[in-house]
Amino acid sequence: MADITFRNESDDTPFQMAHPKAARVLDDIKVWADKNGYDQVVFWRDTGDAQKFWVQLGDARLNYWIHESTFSEGQHEQVEAQMDYARGAQRRSAAGFEKFDK
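What this report covers is the structure whose coordinates are included nearby. (Residues numbered from 1 in each chain as written. Predicted model: local features only at pLDDT ≥ 70, side-chain atom pairs only at ≥ 80, totals over all residues. Heavy atoms only, no water.)

### Notes on the environment of N8
With respect to the helices, strands and loops of the structure, N8 is situated in strand β1 (residues 3-8). By relative accessible area, N8 is classed as buried at 12%. Sequence separation between N8 and G37 is 29 residues, and the spatial gap between their C-alpha atoms is 25 Å. Not counting the four nearest positions on each side in its chain, N8 is found in contact with T13, F15, W44 and R45. A polar contact of 2.8 Å, which involves the side chain of N8, links it to the side chain of R45. (Helix = DSSP H or I, 4+ residues; strand = E, 2+ residues; numbered from the N terminus. Buried < 20%, exposed > 50% of the residue type's maximum accessible area, 1.4 Å probe, protein only. Contact = heavy atoms within 4.5 Å. Polar contact = N/O pair within 3.5 Å; in protein donor to acceptor, adjacent residues only side chain to side chain.)

Below, the structure written as structure tokens:
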């Protein structure tokens, strides 16, 4: 089963996603990660813009973020598409096109 973690960009410390509505979203992310072969998904929070959680799939940190409201509002119906977009960003990066993802 995939490990889903949240970390602060400034000091690499983990934090808990405490929003009560986030549980369903996190369950859907675990199902997506398992189905797509990712052992680890990390969401990085930058203190300068705490509403954006930057996505890391496996070892690849991406130029792609998911808004905090996806978790706080329990928007589980959107999370599969969001994670598919993140996977697309990973593939573009691996192909050398990350410079166009700004």
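### Describing the pattern of salt bridges
By the definition in use, this model includes 6 salt bridges. In this structure, R24 engages D28 in a salt bridge whose closest nitrogen and oxygen atoms are separated by 3.7 Å. Here R24 and its partner D28 are both found in helix α1 (residues 22-35), 4 residues apart, which amounts to about one turn of the helix. Residue classification places R24 among the partly exposed positions, given a relative accessible area of 45%. Notably, a salt bridge pairs K35 with E80, separated by 3.4 Å at the nearest N-O pair. (Salt bridge = Lys/Arg side-chain N within 4 Å of Asp/Glu carboxyl O.)

### So, the side chain of S69
Along the chain, S69 falls in helix α2 (residues 69-72). Ignoring anything within four residues of it in the chain, the contact list for S69 reads G74 and Q75.

### Focus on the packing of aromatic side chains
For the coordinates displayed, the defined rule picks out 8 aromatic pairs. An angle of 55 degrees between the planes, with centres 5.7 Å apart, marks the rings of F6 and F15 as tilted. Taking the relative accessible area as the measure of exposure, F15 reaches 15% and is therefore buried. A ring pair is formed by W32 and Y38, whose centres lie 5.5 Å apart and whose planes are at 5 degrees; its orientation type is stacked. Across the pair, exposure class does not vary: W32 and Y38 are buried alike. An aromatic cluster of at least three residues, connected via ring pairs, comprises F6, F15, F43, F53 and F71. Seen from the ring of F15, R45 lies directly overhead, with NZ or CZ sitting 3.6 Å from the centre. The positively charged end of R61 is found above the aromatic ring belonging to W44, 3.9 Å away from the centroid. (Phe/Tyr/Trp six-rings, centres within 6.5 Å; stacked < 30°, edge-to-face > 60°. Lys NZ or Arg CZ within 6 Å of the ring centre and 35° of its normal.)

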